[in-house]
Amino acid sequence: MGKTTIAAALVHDEEIRSVFEKIVWVSVGQEPDIRELQESIHGQMAGEAIPSSATTPELVLKALRDAAKNSKVLLVLDDVWDPKHEKPLNCIDPDNASFILVTTRVRGLLKNAAEVDVGVLSAKAALKLLLASADLDEEDVEDGSDDHRIAMEIVELCGRLPLTLALAGGMVADTGQGFNDDIVEMMKEQQELEDEEGMTVETR
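Residues numbered from 1 in each chain as written. Predicted model: local features only at pLDDT ≥ 70, side-chain atom pairs only at ≥ 80, totals over all residues. Heavy atoms only, no water.

### As for helix α4 (residues 57–68)
Then, in step 1: When the terminal C-alpha atoms of α4 are compared, their 17 Å separation across 12 residues agrees well with the 16 Å that a helix rising 1.5 Å per residue should span.
Then, in step 2: For α4, every residue scored as buried is listed here: Val60, Leu61, Ala63, Leu64, Ala67 and Ala68. Buried positions in α4, seen along its axis, are confined to an arc of 155 degrees and lie on one side of it.
Then, in step 3: Buried residues along α4 sit in contact with β1 (22–29), α3 (34–46) and β2 (73–80). (Helix = DSSP H or I, 4+ residues; strand = E, 2+ residues; numbered from the N terminus. Expected span 1.5 Å × (residues − 1). Buried < 20%, exposed > 50% of the residue type's maximum accessible area, 1.4 Å probe, protein only. Arc of directions from axis to C-beta. Contact = heavy atoms within 4.5 Å.)

### Considering the pattern of salt bridges
Then, in step 1: Summed over all chains, the structure comprises 7 salt bridges.
Then, in step 2: Among the salt bridges present, the one from Asp79 reaches Arg105, with a minimum N-O distance of 3.3 Å. Placement of the pair is Asp79 in strand β2 and Arg105 in the loop between β3 (99–102) and α5 (123–133), with a sequence separation of 26 residues.
Then, in step 3: Residue classification places Arg105 among the partly exposed positions, given a relative accessible area of 29%.
Then, in step 4: With a closest N to O distance of 3.2 Å, Glu153 and Lys188 form a salt bridge. Here Lys188 lies in helix α8 (residues 181–196) and Glu153 lies in helix α6 (residues 146–157), a separation of 35 residues in the sequence.
Then, in step 5: Using a relative accessible area of 23% as the deciding quantity, one classes Glu153 as partly exposed.
Then, in step 6: One network of salt bridges, in which partners are shared, links Asp146, Arg149, Glu153 and Lys188. (Salt bridge = Lys/Arg side-chain N within 4 Å of Asp/Glu carboxyl O.)

### Quick look at the packing of aromatic side chains
Then, in step 1: Under the definition given, this model contains 1 aromatic pair.
Then, in step 2: Centroid distance Phe20 to Phe99: 6.4 Å. Interplanar angle 85 degrees. Geometry classified as edge-to-face. Within this pair, whereas Phe20 is found in the loop between α2 (14–19) and β1, its partner Phe99 is found in strand β3, the two being separated by 79 residues in sequence. (Phe/Tyr/Trp six-rings, centres within 6.5 Å; stacked < 30°, edge-to-face > 60°.)

### Focus on the environment of Ile100
Then, in step 1: The topology assignment puts Ile100 in strand β3.
Then, in step 2: Assessed through its relative accessible area of 27%, Ile100 is described here as partly exposed.
Then, in step 3: As a C-alpha pair, Ile100 and Gly2 span 98 residues in sequence and 19 Å in three-dimensional space.
Then, in step 4: Excluding residues within four positions of it along the chain, Ile100 makes contact with Leu75, Leu77, Glu86, Asn90 and Ile92.

### Observations regarding unusual backbone geometry
Then, in step 1: With phi around 65 degrees, Asn70 is a residue other than glycine that occupies positive phi space.
Then, in step 2: Its location among the elements puts Asn70 in the loop between α4 and β2.
Then, in step 3: The exposure class assigned to Asn70 is exposed, which follows from its relative accessible area of 63%.
Then, in step 4: Its identity is not glycine, yet Asp79 carries a phi of approximately 65 degrees, on the positive side.

### Let's talk about the sheet that holds β1
Then, in step 1: The 3 strands are arranged β1-β2-β3 in an open sheet whose pairing can be described as parallel. Each edge of the sheet is formed by a strand with only one pairing partner; in this case those strands are β1 and β3. For this sheet, the mean inter-axis angle between neighbouring strands, taken without regard to orientation, is 15 degrees.
Then, in step 2: Across 7 bridges, the pairing between β1 and β2 is parallel. In the strand pairing of β2, Ile23 is matched with Leu74.
Then, in step 3: Sitting on the sheet, helix α1 (residues 3–11) is in contact with β1, β2 and β3, with an inclination near 170 degrees to β1.
Then, in step 4: α3 rests against β1 and β2 of the sheet, and its axis sits at about 170 degrees to β1. (Pairing = 2+ DSSP bridges. Axes fitted to C-alpha atoms, helices over the stretch in contact; angles between N-to-C directions.)

Next up, the structure:
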């Protein structure tokens, strides 16, 4: 499962929900509009916009902290790419049982934070997701066949990551030709180009 899926399952868990008075969620991404995210956080916590008197970054963060004060809050910052984006959004009250949960593709993003590596899918689970995304059944790709070989190549080229597998499966479905070497060659050529630029499989 992807990190966002796991975080979503966590915040919908009844036991987790019973611990916190408020659960706040924002999706950050690579190039976030921090002010817009701050407005979203404040709105979710206080039910209103940040006061117009908060005219500086420091006053905005104070307004967020005031809204979170004395409340047990679970703040979820989903898909953070840069540690500098966490600081202006982290407004939980350190004096109570509030927590912040950050999902990220970047190992060791935040210092002094407990990190849980969700890993990647097993080869079997990755193949199953690829086939489902390609609108194919497992029976359609027999073990040892050319289709199975090509599908497993695609699985590894995708790094067994759920999002990339879903996209690749969609490509296979769109061609209407099932698994063929043309798709693998196209993916390999793209990989070689992007490897030269130092891209990770997640970015690709």
